Number of protein chains: 2
Amino acid sequence: MRVVVPYRVADPKTRLASLCSPAEREALSRAMLADVLDAVRAVGEAPTVLATEAFDPPGDTETPVRIDDRPLSPAVNAVLAERAGPDSPVAVVMADLALATPGALSALFDADGPVVFAPGRGGGTNAFVSRHPDFRTDYHGASYRDHRRICEDLGVTPTTVDSYRLGTDVDAPADLVEVLLHATADGRTRDFLADRFAVTTGDGRVGVERRE
Amino acid sequence: MRVVVPYRVADPKTRLASLCSPAEREALSRAMLADVLDAVRAVGEAPTVLATEAFDPPGDTETPVRIDDRPLSPAVNAVLAERAGPDSPVAVVMADLALATPGALSALFDADGPVVFAPGRGGGTNAFVSRHPDFRTDYHGASYRDHRRICEDLGVTPTTVDSYRLGTDVDAPADLVEVLLHATADGRTRDFLADRFAVTTGDGRVGVERRE
């Protein structure tokens, strides 16, 4: 299976700007990418990073990087157009799935069907597998709903895997709680965040605050 | 397995007050309870509602109701103290898991282990199974973390199931998007909400707005 991990190199994770400096956002984003790449490798697949510009992938400099400076949908669709088919599945896994484990990815990769989705919170499509030559993405808006419509137009019945881990992408401050509580203890992302932030439960609402 | 569904009868879902009238919040809350009870029954279990006061359970008046006007933790702990053990598992499933399906509940009920958790967003414990006589709950704050600590103190290694459906409880306006996109098409909750709200993607952010 070809596994592609899209990654925006410059100014990542802007929705975390209220909590993290630009350097921290970059380091966090690289840590999440490294953890996702590790999880993909742990199930025996060799990931490719689909990056918006040249950069050194974290951890392992042998990860192939394909550069495409277009927005996410056309960049992913170019890979699908070249590669996806019944005998050549393509998986697309977002780089900010900091809770992804080999087990959760296996469930996605092994699920049967021409198109298999792992939906994300807020209508996102956090990961998918396509074995159909004509499936294309449209990541704007509620992409999960749009992707299901695209399948319907193709006469394809999509499969959906039920995974909290794959359904949790890290974009907003509230998502940091998820990493601190659920990310694997030996991951770079959790290490990075646990050094800097703690979970708070002050008024009954759960959040994070910077450590002293 | 004894399956208990805690339910607050009066003034439910206050975090939805900006979107829904008190009557709508009550109707929505009853619809979610009915859907959860249906999903529990669909896997062959007979649920009991653990209610804060007397009321008529929706849909099926034969559902047993146990009344306990104490806060959630002591009310649940009383059931655990009476019932839970290696040969008498107790499952506690929150009434606002509007995405719960029989498949997702089966994965929880069938998972091995003395204590099995289905964590929820924001540190919650949306559902669990206990087969240990001494496990007790503490739902305040980041309960998933606290419940893991309680297990640790008992020398118990908990199991966690990975389910987006069980991980999604419906509390806040953003959660309505999840119901509209992911709840089963024949559920009461989705029917109720789809009649009143639509998913919006105006500025790239996904939300809901009331239908005209």
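Look up a bit, the structure's there.
Residues numbered from 1 in each chain as written. Chains lettered and ligands numbered in written order. Predicted model: local features only at pLDDT ≥ 70, side-chain atom pairs only at ≥ 80, totals over all residues. Heavy atoms only, no water.

So, on to the overall build of chain A. If you tally the helices and strands in chain A, you get seven helices and nine strands. What you see for chain A is a C-alpha radius of gyration of 17 Å, in line with the 17 Å of a compact globule of 212 residues. Taking all 212 residues of chain A together, 56% fall into the buried category. Of all intrachain contacts in chain A linking residues separated by at least 6 positions in sequence, the fraction that spans at least 24 positions is 58%. When the accessible surface of chain A is split by element, carbon and sulfur atoms take 46% of a total near 8800 Å². The centroid of the 23 positive side-chain charges in chain A is displaced by 2 Å from the centroid of its 33 negative side-chain charges. (Helix = DSSP H or I, 4+ residues; strand = E, 2+ residues; numbered from the N terminus. Rg over C-alpha atoms; globule rule 2.2 N^0.38 Å. Buried < 20%, exposed > 50% of the residue type's maximum accessible area, 1.4 Å probe, protein only. Contact = heavy atoms within 4.5 Å. Areas by Shrake-Rupley, 256 points an atom, 1.4 Å probe, with all protein chains shown as cover. Lys, Arg positive; Asp, Glu negative; His and termini not counted. Charge placed at Lys NZ, Arg CZ, Asp CG, Glu CD.)

Residues and elements named next belong to chain A. Across all of its chains, the model carries eight aromatic pairs over all chains by this definition. One aromatic cluster is present, formed by Phe 117, Phe 128, Phe 135 and Tyr 144 through successive ring pairs. Seen from the ring of Phe 192, Arg 196 lies directly overhead, with NZ or CZ sitting 3.8 Å from the centre. (Phe/Tyr/Trp six-rings, centres within 6.5 Å; stacked < 30°, edge-to-face > 60°. Lys NZ or Arg CZ within 6 Å of the ring centre and 35° of its normal.)

Superposing chain A onto chain B takes a rotation of 180° plus a shift of 0.0 Å along the axis, which leaves an RMSD of 0.0 Å. Here the transformation between the copies is reduced to the relation of a two-fold axis. In terms of proximity to the rotation axis, the leading residue of chain A is Tyr 164 of chain A, whose C-alpha is 1.9 Å off the axis. An overlap of 100% is found between the interface residues of chain A and their copies at the interface of chain B, pointing to a shared contact surface. (Least-squares fit on C-alpha atoms with pLDDT ≥ 70 in both.)

So, about the side chain of Asp 169 of chain B. Residue and element names in this part refer to chain B. Position of Asp 169 among the secondary structure elements: in the loop between helix H5 (164–167) and helix H6 (173–182). In this structure Asp 169 is buried but unpaired, with Lys 13 as the nearest side chain of opposite charge at 6.1 Å. Apart from residues lying up to four places away in sequence, Asp 169 is in contact with Asp 96, Leu 97, Arg 121, Asn 126 and Asp 175. (Salt bridge = Lys/Arg side-chain N within 4 Å of Asp/Glu carboxyl O.)

Residues and elements named next belong to chain B. Overall, mixed pairing links the seven strands, which are arranged S3-S2-S1-S4-S6-S5-S7 in an open sheet. Looking along the sheet, the strands with just one partner apiece sit at the ends: strand S3 (65–67) and strand S7 (159–160). Pairing between strand S5 (residues 115–120) and strand S6 (residues 124–130): six bridges, direction antiparallel. When the bridges of S6 are listed, Ala 118 appears paired with Ala 127. (Pairing = 2+ DSSP bridges.)

Attention now goes to the interface of chain A and chain B. Contacts between the two partners involve 28 residues from chain A and, on the opposite side, 28 residues from chain B. Taking both sides of the interface into account, the surface hidden between chain A and chain B amounts to around 2400 Å²; carbon and sulfur atoms contribute 54%. The largest per-residue losses of area from chain A upon contact with chain B belong to Arg 121, Asp 162 and Tyr 164 of chain A, which jointly make up 29% of the total buried on that side. Across the contact surface, chain A and chain B share two salt bridges. When the shortest N-O distance is used, the salt bridge between Asp 175 of chain B and Arg 121 of chain A registers 2.7 Å. At the boundary of chain A with chain B, the tally comes to 14 residue pairs in polar contact (both at pLDDT 80 or more). If you list the elements that add at least two residues to the side of chain A that touches chain B, you get strand S5 (115–120), helix H4 (143–154), helix H5 (164–167) and helix H6 (173–182) of chain A. For the side of chain A that touches chain B, the element with the most residues is H6 of chain A, which contributes six residues. Of the residues assigned to the side of chain A that touches chain B, the class counts are ten nonpolar, ten polar and eight charged. (Buried area = accessible area lost by both parts, 1.4 Å probe. Polar contact = N/O pair within 3.5 Å; in protein donor to acceptor, adjacent residues only side chain to side chain. Nonpolar A, V, L, I, M, F, W, Y, C, P; charged D, E, K, R; others polar.)

On to the sheet that holds strand S7 (residues 159–160) of chain A. Where strands meet in a sheet, backbone hydrogen bonds hold them as pairs that are either parallel or antiparallel. Residue and element names in this part refer to chain A. The strand order across the open sheet formed by seven strands is S3-S2-S1-S4-S6-S5-S7, and the pairing between neighbours is mixed. Two strands in the sheet have a free side with no partner beyond their single neighbour: strand S3 (65–67) and S7. Bridging between strand S2 (residues 47–51) and S3 involves three bridges; their strand directions are parallel. Of the residues in S3, the one forming a bridge with Ala 51 is Ile 67. Here H4 sits on the sheet in contact with S5, strand S6 (124–130) and S7, set at roughly 165° to S5. (Axes fitted to C-alpha atoms, helices over the stretch in contact; angles between N-to-C directions.)

Residue and element names in this part refer to chain A. Buried residues dominate strand S1 (residues 2–7), accounting for five of its six residues. One ladder, built from three bridges, connects S1 with strand S4 (residues 90–93); its direction is parallel. When the bridges of S4 are listed, Val 4 appears paired with Val 92. For the crossover from S1 across helix H1 (residues 22–42) to S2, the handedness is right-handed. (Right-handed = clockwise from strand over helix to strand, strands pointing away.)

Let's shift gears to the environment of Ala 17 of chain B. On the secondary structure map, Ala 17 of chain B appears in the loop between strand S1 (2–7) and helix H1 (22–42). Taking the C-alpha atoms as reference points, Ala 17 of chain B and Pro 173 of chain B, separated by 156 residues in sequence, lie 9.0 Å from one another.

The next point concerns unusual backbone geometry. Glycine aside, residues mostly have negative phi, and peptide bonds are mostly found in the trans state. At Lys 13 of chain A, a position not held by glycine, the phi torsion is positive, near 55°. Tracing the backbone shows Lys 13 of chain A in the loop between S1 and H1.

Bringing the pairing of S5 of chain A into the picture now. All names here are of chain A. In terms of residue burial, S5 counts as a mostly covered element, since six of its six residues are buried. The hairpin turn running from S5 into S6, its antiparallel successor, is three residues long, and Gly 122 in that turn takes a positive phi close to 75°. Two strands pair when backbone bridges link them, and S5 and S7 are joined in this way by two bridges, in the parallel orientation. For Phe 117, the partnering residue across the bridge sits in S7 and is Thr 160.

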